[in-house]
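The lines below spell out each chain.
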Amino acid sequence: MGIYDHKKIEKKWQKQWERDGLYKACEDQRKEKCYVLDMFPYPSGDGLHVGHPKGYIATDIYSRFKKMSGFNILHPMGWDAFGLPAENFAIKNKVHPRVAVKKNIKRFKEQLRGIGFNYDWEREINTTDPKYYRWTQWVFLKMFEKGLAYESHEPINWCPSCQTGLANEDLDGNACERCGTIVEKRLMRQWILKITAYADRLLRDLDSLHWPESIKTSQRNWIGRSEGTEIDFKLVDVPGQKDGAHSVKVFTTRSDTLFGATFLAISAELAWKWIENGWQVDVEIKEYVEKTIAENAKRSFKEKEKTGIFSGVSAINPAHQEKIPVWIVNYVLGDVGTGAVMAVPAHDERDFEFAKKYQLPIRQVVAEKNVDIMGVGALIETKEGNFVFQKRGGNASTHPNTIALFGGGIEKNEDVFACVRRELEEELSLKLEMYHEINVIGDFESHNQPERYLKAFHVRNVDRNILELREGEAIVEMTLDDAEKNSHVTDFTKDVIRAFRNGINSAFVSPGILINSGKFDGMTSSEANDAITKFVGEKKTVVYKLRDWVFSRQRYWGEPIPIIHCEQCGIVPVPESDLPVMLPEVESYAPTGTGESPLADISEWVNVKCPKCSGQAKRETNTMPQWAGSSWYYLRYIDPRNESALVDKEKEKYWSPVDMYVGGAEHATRHLIYARFWHKFLYDIGVVNCAEPFARLEHVGLIAAEDGRKMSKRYGNVVNPDDIVATYGADTLRLYEMFMGPFDQGVRWSTDSIVGSRRFIERVWKLQEKISDDDEQSIEMAIHTTIKKVGGDIEQFGFNTAIAQMMILVNEMERVDSIGRRQYEILLTVLAPFAPYVVEDIWNGALGHLSSIHEESWPSYNEERMRATNVVITVQINGKVRDHFSMPADSSGEKVESEALAREGVQKWIAGKEIKRVIYVKNKIVSIVI
RNA sequence: GCCCGGGUGGCGGAAUUGGUAUACGCGCACGACUUAAAAUCGUGUCUUGAAAGAGAUGAGGGUUCGAUUCCCUCCCCGGGCACCA
């Protein structure tokens, strides 16, 4: 048998497979295809750490399994090599980024090869290859042609450290995602892609995708659809203008609260536009507007104090024609909606805060429908001498219109009523006034303090200031004023009344029943939303949070944007025949910081003839963002060397869409949105035949370092896969990474635990000794179970449980004296996707096969053979496990029940008791109720 | 604050149309082999209890013959979004 020498084995088969071209993909129309894709890496100078291959191992296993299941596989790999790290490295070390990238790719490839991946390297791509980025530029031209790429001069996010403009997607809060610097707003010329034109489809088509729900939710939030109404407010008191000559539009999702709009709040940016259009204002106002715009540019709005200034202008609320003031405020964003909102302090927290501060009127127009506030239960004294409030029954907290009042514990020695007061202050005093009708029921008693018995009471119709006090069956009605003076009313009840009278302390933002809204009173919020929209003569519209994609970067290492600026003709696209626009050589890669890229300095590249009029013209010097090349790369693998088209139509039709896509969840609102957008565009212009690029997505949980931190050179906690492969072998590394835990969950690396996977492989290796000509019948059930379980688990990405099942099978095989050759081959075959080297070596060595095990078919299983002849029946008495016994499988219920009742271990419990019920769960449980 | 996940032995984790909680692996303890150690193999390993038993899946409650699984209230951890009107 020889010893298991992973180094020798892995080297040998790696060469052999490459020589045989085992993993070459071709368009085999007879077979069903399966396109399995990894998010291609950015080849950094640090090389791979053990966290990187986790996703690649999964796709490798998946694609090998699908191949064995009869599918034609496409499983390629490539390099996303444009971007800042290579450029920064180049600036620092004075090497061309191209040189650094080439070197890094070589190293990455060697590392990946060592782990035994089945990539088809003939389809390798590189986004920085002019033959590749020619097509990235081509897509841009097509977008320009369709009006989806446009030049703009709006203020955008600017990273002062990276010295480039950024898209919203490149931010982490208000900081640059790349370097952590707080970004600024900067007015500059830029290229924009109109992704918002696809917002609706990007949202809608998510439903059809087999993706993790979390990623779909992230995208939904990012796109941020809200349905509402644009309402027109006529302006009055505008200096030098007739009343009603001007108006302002606001966007709201809560038309039902229109009657409660007591002022208008407009952004400083909108106010500035008014000033530019000739609005005459005081110096004070103008200064406020300028100051606020400057503050907004810093984007430091977090926890910012709300400020505002009365504009002097008023507006007419179209609901009731009352005059309301227009305030210029810092909490309304200029680039959201219309830049103006109707402020409804009673029902919006921000408007509420602002109205309180500037003493603007608060008018409640929505009320909660009949709510009971209850505290029902008993006070229990614990062993330790503390009092704990125990709720009695379930209805106190489960009734839909009920707020649980007394759920908390009572501090040691704390007065019961002090506890109640505390609860009131913390929870209720804030909200009480908002309820249309309130019942407060405190039925409160204590075991060991029976004298402290709190009478039930009941408050209703707060609007009318009437208190209904219920004592036993009798109900006494009195006004709140009278109640407060009445000596029969307990202090507790008086506390409740005071809480009512404290006034509104927060906004009531939930939907409810309309009040103070004329003929709309009594409607629900959703009914009123439609009715009031109609009443003021408006229609529903939709807005999105998604912003258009800022697509230009003022940096060197990216695809040049294929545009020419002509003095005569203006913006002229580079003709398709002139593509690619090659990225020129420069002396300095450093960013200029001027809003132009380093390309601007190369006059022989910049100065060109206009393709239209042949006059003086200049090239666009901005480059594309890193996300450009990755927005369509999966299409290029299908047809990587095509020079006349982005992808061949027939080939695309065969391979598209990607069947399985695996990568990190951090791309949820970046790459995965951009790629979907580009794909939909390519679908619209007929380049691709399906509306979505990635039919199924699985996300890989990150591997943290042993110390729990991120694996990074900086912390010195990086584990290099090369070392693990050298010490334990690639098969062990692969098995271990898949066995660590659920695939999509983050885990900590643990070098100590690897031995388990290594031992497993050695056990499989040793089983060679046990091969005989005859099958061992006692392990047949385990074999069939394993075939089914492993296949099913791979399909669902449950690799850890698949491996556990194979371990169970190996344990069984070790327990018996010999195993059939056929049985051992089945074990090797199901293990093949996980540990491709060792199984191939045994297959070709000890078993003497001439062809590769990776050309084998996935074994089939027989459900019949998975069924046990005898089953263990569990006896439960009143829900507790009391006994077990064995019975032939599928015995009749009567037989099993009588057997159960006759057993000594059961009789012990049921002797002399009445048996109320016996429940039999087939082949599992007899449950006896006494 | 809102929206997604998640909370199970010493550790990674298994088990969901409600049916024997802790599979599989790591670690640990003891034993065999060895002059010895490593490796390997075997046995044991949730807590408590002498035992019978009792208790335990973040906490509390509910539904059920039976709940890690379903419902309610709450706590904690991870992630996403966040003056988005």
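Residues numbered from 1 in each chain as written. Chains lettered and ligands numbered in written order. Predicted model: local features only at pLDDT ≥ 70, side-chain atom pairs only at ≥ 80, totals over all residues. Heavy atoms only, no water.

### Concerning helix α25 (residues 799–815)
Point 1. Taking 1.5 Å as the rise per residue, α25 with 17 residues should run 24 Å; its terminal C-alpha atoms sit 25 Å apart, in good agreement.
Point 2. If you check which residues of α25 are buried, you get Phe 799, Asn 800, Ala 802, Ile 803, Gln 805, Met 806, Met 807, Leu 809, Val 810 and Met 813.
Point 3. Those residues of α25 hidden inside the fold are in contact with α2 (53–68), α22 (730–739), α23 (754–766), α24 (780–795), β38 (819–820) and α26 (821–831). (Helix = DSSP H or I, 4+ residues; strand = E, 2+ residues; numbered from the N terminus. Expected span 1.5 Å × (residues − 1). Buried < 20%, exposed > 50% of the residue type's maximum accessible area, 1.4 Å probe, protein only. Contact = heavy atoms within 4.5 Å.)

### Remarks on the pattern of salt bridges
Point 1. Under the counting rule described, the total for this entry stands at 50 salt bridges.
Point 2. Two residues, Asp 170 and Arg 553, come together in a salt bridge whose shortest N-O distance is 2.7 Å. A residue pair is termed long-range when its members are at least 10 positions apart, and Asp 170 in the loop between β7 (164–166) and β8 (171–172) and Arg 553 in the loop between β28 (549–550) and β29 (563–566) qualify at 383 residues. The two residues Asp 170 and Arg 553 agree in class, both being buried.
Point 3. Note that Arg 867 is salt-bridged to Glu 864, the shortest N-O span being 3.9 Å.
Point 4. Arg 867 gets classed as partly exposed once you look at its relative accessible area, which sits at 47%.
Point 5. By relative accessible area, Glu 864 is classed as exposed at 53%.
Point 6. The network of salt bridges with shared partners includes Lys 66, Arg 696, Glu 698 and Glu 795. (Salt bridge = Lys/Arg side-chain N within 4 Å of Asp/Glu carboxyl O.)

### Quick look at the sheet that holds strand β11 (residues 190–193)
Point 1. Read across the open sheet, the three strands follow the order β5-β11-β28; overall the sheet is antiparallel. Each having just a single partner strand, β5 (149–152) and β28 make up the two edges of the open sheet.
Point 2. Bridging between β5 and β11 involves four bridges; their strand directions are antiparallel. The residue of β11 that forms the bridge with Ser 152 is Gln 190. (Pairing = 2+ DSSP bridges.)

### Digging into the environment of Glu 587
Point 1. Here Glu 587 lies in the loop between β30 (570–573) and α16 (603–606).
Point 2. Note on Glu 587: relative accessible area 85%, which makes it exposed.

### Digging into the UniProt feature "binding site: ATP" (unreviewed entry) in chain A
Point 1. The sites that carry the UniProt feature "binding site: ATP" (unreviewed entry) are, in the present numbering, Lys 713.
Point 2. By the element assignment, Lys 713 lies in the loop between β35 (703–704) and α21 (721–727).
Point 3. In this view, Lys 713 contacts Asp 46 and Val 718; residues no more than four positions away in its chain are not counted. (UniProt positions renumbered as here; feature names shortened; annotations may be inferred.)

### Points about the side chain of Asn 622
Point 1. When you line up the elements, Asn 622 lands in the loop between β32 (616–619) and α17 (627–630).
Point 2. Residue classification places Asn 622 among the buried residues on the basis of a relative accessible area of 0%.
Point 3. Not counting residues up to four positions away in its chain, the partners in contact with Asn 622 are Arg 189, Ser 552, Arg 553, Gln 554, Pro 560, Ile 561, Gly 595 and Ser 597.

### Concerning the protein's contact with RNA strand B
Point 1. The full set close to RNA strand B counts 55 residues, and Thr 253, Arg 350, Met 740, Arg 759 and Ser 927 are the nearest of them.
Point 2. Of everything in RNA strand B that lies within 4 Å of the protein, sugar and phosphate atoms constitute 66%.
Point 3. One of the side-chain N or O atoms of Arg 759 is found 2.5 Å from a phosphate oxygen in RNA strand B.
Point 4. Separating a sugar or linking oxygen of RNA strand B from a backbone N or O atom of Gly 879 is a distance of 3.5 Å.
Point 5. For the surface near RNA strand B, the leading source of residues is α25, giving six residues.
Point 6. When its residues are assigned to classes, the surface near RNA strand B shows 23 nonpolar, 21 polar and eleven charged. (Near = heavy atom within 4 Å. Polar contact = N/O pair within 3.5 Å; in protein donor to acceptor, adjacent residues only side chain to side chain. Nonpolar A, V, L, I, M, F, W, Y, C, P; charged D, E, K, R; others polar.)

### Digging into the packing of aromatic side chains
Point 1. If you walk through the whole model with that rule in mind, you get 46 aromatic pairs.
Point 2. Plain terms: the ring middles of Phe 82 and Trp 557 are 4.9 Å apart, the flat faces sit at 70° to each other, and that makes the pair edge-to-face. Here the residue Phe 82 occupies a position in the loop between β3 (78–79) and α3 (84–93), and Trp 557 occupies one in the loop between β28 and β29, the gap between them amounting to 475 residues.
Point 3. Ring geometry for Tyr 633 and Tyr 637: centres 5.7 Å apart, planes at 75°, overall edge-to-face. Each member of the pair, Tyr 633 as well as Tyr 637, carries the same accessibility label: buried.
Point 4. A cation over an aromatic ring shows up here: Arg 64 above the ring of Trp 17, its NZ or CZ 5.6 Å from the ring centre.
Point 5. A cation over a ring is seen here: Arg 619 above Trp 605, with NZ or CZ 5.4 Å from the ring centre. (Phe/Tyr/Trp six-rings, centres within 6.5 Å; stacked < 30°, edge-to-face > 60°. Lys NZ or Arg CZ within 6 Å of the ring centre and 35° of its normal.)

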